[in-house]
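# Coordinate analysis (summary)
So you can see what is in the structure, the chains are spelled out below.
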Amino acid sequence: MAKTIGWQGVFPAVTTQFRDDFSLDIQATHKVIENLVRDGVSGLIICGTVGENTALSLKEKVQVMEAAKDAARGRVPVIAGIAEFTTAFACDTAREAARIGLDGAMVMPALVYSAKPHETAAHFRGVASATDLPVMVYNNPPIYKNDVTPDILASLTDVETIVCFKESSGDTRRFIDLRNLVGDRFKLFAGLDDVVVESVLMGAEGWVSGMSNAFPVEGETLFRLARQGRMAELMPIYEWFMPLLHLDARPDLVQCIKLCESIMGRGSAVTRPPRLALPEKERAEVEAMMNAALANRPALPDVGLKQAA
């Protein structure tokens with residue numbers, strides 16, 4: 001029997017904030033998290049791809065975890081991204097997340113190594129067995145090169161701590177293929193912004209969102225409309241949002257999302273090398289998208305969204 005979790009809704013992949021000298025700005029990161037919770041998001045993913053996990057030391061990851069725990073104050077689940085080169089390192093990070101008292105771990109395949117399917121499965125099994133935290137398996141083959149297929153997930157049904165699957169390949173057929181194999185054994189999460197509505201229609205109960213860092217209320221409203229089947233109301237919002245949601249599928253998604261977040265006054269655009277600031281032409285293109293979006297920001301229907309105290 002798998003662990004029971006209540007994860008659903010929009011979980012922004014929270015940005016990690018840096019100063020101009022690229023040092024970690026934990027106070028600014030804390031503020032970003034506080035503001036997202038205030039605006040009514042359903043949960044938080046920290047130290048994920050957008051959180052620049054691989055640019056952080058373990059000590060810094062622990063600092064971000066502790067800041068998120070403090071900022072969330074138990075109002076929403078906080079899930080830590082686990083992205084390491086080896087299974088052993090990933091286990092160590094997961095144990096730190098459990099020690100701090102976070103609510104779950106989002107585990108990526110072992111980085112750099114192009115694993116065979118049985119090795120990918122063994123990595124997830126190893127990390128999930130090292131902690132009692134509920135685990136979200138993260139599939140993003142365009143970025144991490146290892147494809148976590150429905151067959152691999154099906155081989156992990158006996159691991160009680162593995163409870164959720166985040167699909168970022170963009171192929172929403174995966175949700176159906178997985179359900180045909182194992183029914184509703186895993187809670188399904190959308191992981192790519194520009195197919196979120198399609199993912200919800202295929203059964204996703206949650207959305208790990210990049211662009212909701214800049215537009216948390218719009219993101220949560222769009223997701224809830226999709227879950228409620230209110231297609232006529234969601235389509236104008238989805239069409240308005242789509243140019244920005246496409247940024248989540250770019251290799252430089254972190255720079256793009258942080259720039260949008262900065263324009264909204266919610267954080268800094270600074271990324272840590274090897275991620276460099278967007279070249280002038282691309283920065284201007286993203287700024288033009290944002291200007292167009294802000295000039296045509298849609299009225300949002302009521303979906304029961306409440307700001308946190």
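To keep things clear, this report deals only with the structure shown in the data block. (Residues numbered from 1 in each chain as written. Predicted model: local features only at pLDDT ≥ 70, side-chain atom pairs only at ≥ 80, totals over all residues. Heavy atoms only, no water.)

## Description of the pattern of salt bridges
Within the structure shown, the criterion is met by 19 salt bridges. One salt bridge in this structure joins Glu 167 and Arg 174, with 3.8 Å as the shortest N-O distance. Residue Glu 167 is classed as buried on the basis of its relative accessible area of 3%. When the shortest N-O distance is used, the salt bridge between Glu 205 and Lys 187 registers 2.9 Å. (Salt bridge = Lys/Arg side-chain N within 4 Å of Asp/Glu carboxyl O. Buried < 20%, exposed > 50% of the residue type's maximum accessible area, 1.4 Å probe, protein only.)

## Thoughts on a nonpolar patch on the surface
On the surface, Phe 85, Phe 89 and Val 112 cluster together to form a nonpolar patch covering roughly 360 Å² of accessible area. Mapped onto the secondary structure, Val 112 falls in the loop between β4 (104-107) and α4 (117-129). Overall, Val 112 belongs to the exposed group, its relative accessible area being 72%. (Patch = residues over 30% accessible without salt bridge, like charges linked within 9 Å, V, L, I, M, F, W, Y side chains within 5 Å. Areas by Shrake-Rupley, 256 points an atom, 1.4 Å probe, with all protein chains shown as cover. Helix = DSSP H or I, 4+ residues; strand = E, 2+ residues; numbered from the N terminus.)

## Let's talk about the sheet that holds strand β2 (residues 44-46)
With parallel pairing, eight strands are arranged side by side in an open sheet as β1-β8-β7-β6-β5-β4-β3-β2. The sheet terminates laterally at β1 (9-12) and β2, the two strands that pair on one side only. On average, adjacent strands in this sheet sit at an angle of 30° to one another, irrespective of strand direction. Relative to β4, strand β3 (residues 78-82) is paired through four bridges, and the arrangement is parallel. Its bridge partner lying in β4, Ile 82 is registered against Val 107. Relative to the sheet, helix α9 (residues 216-227) contacts β1 and β8 (206-209), its axis offset from that of β1 by approximately 150°. (Pairing = 2+ DSSP bridges. Axes fitted to C-alpha atoms, helices over the stretch in contact; angles between N-to-C directions. Contact = heavy atoms within 4.5 Å.)

## Describing the pairing of strand β5 (residues 135-139)
Burial within β5 is extensive, with five of its five residues counted as buried. Every second residue of β5 is oriented toward a common face, with Val 135, Val 137 and Asn 139 on one face and Met 136 and Tyr 138 on the other, all of them buried. Where β4 meets β5, three bridges bridge the pair, whose relative direction is parallel. Considered in β5, the bridge of Val 107 is made with Val 137. Between β4 and its parallel partner β5, the chain crosses via α4, and the hand of that crossover is right-handed. As paired strands, β5 and strand β6 (residues 162-167) are joined by five bridges and run parallel to one another. Residue pairing across strands places Asn 139 opposite Glu 167, the latter belonging to β6. (Right-handed = clockwise from strand over helix to strand, strands pointing away.)

## A short note on helix α3 (residues 87-100)
Side chains of residues three or four places apart in an α-helix project in the same direction, reflecting 3.6 residues per turn. Over its 14 residues, α3 extends 20 Å from the first C-alpha to the last, a length consistent with the 20 Å expected when each residue adds 1.5 Å. Those residues of α3 that fall on the buried side of the exposure criterion are Ala 90, Cys 91, Thr 93, Ala 94, Ala 97 and Ile 100. Each element contacted by the buried residues of α3 is listed here: α2 (58-72), β3 and α4. Positive backbone phi, at 95°, marks Gly 101, one or two positions downstream of α3. (Expected span 1.5 Å × (residues − 1).)

Purely geometric stuff here, so don't read any function into it on its own.
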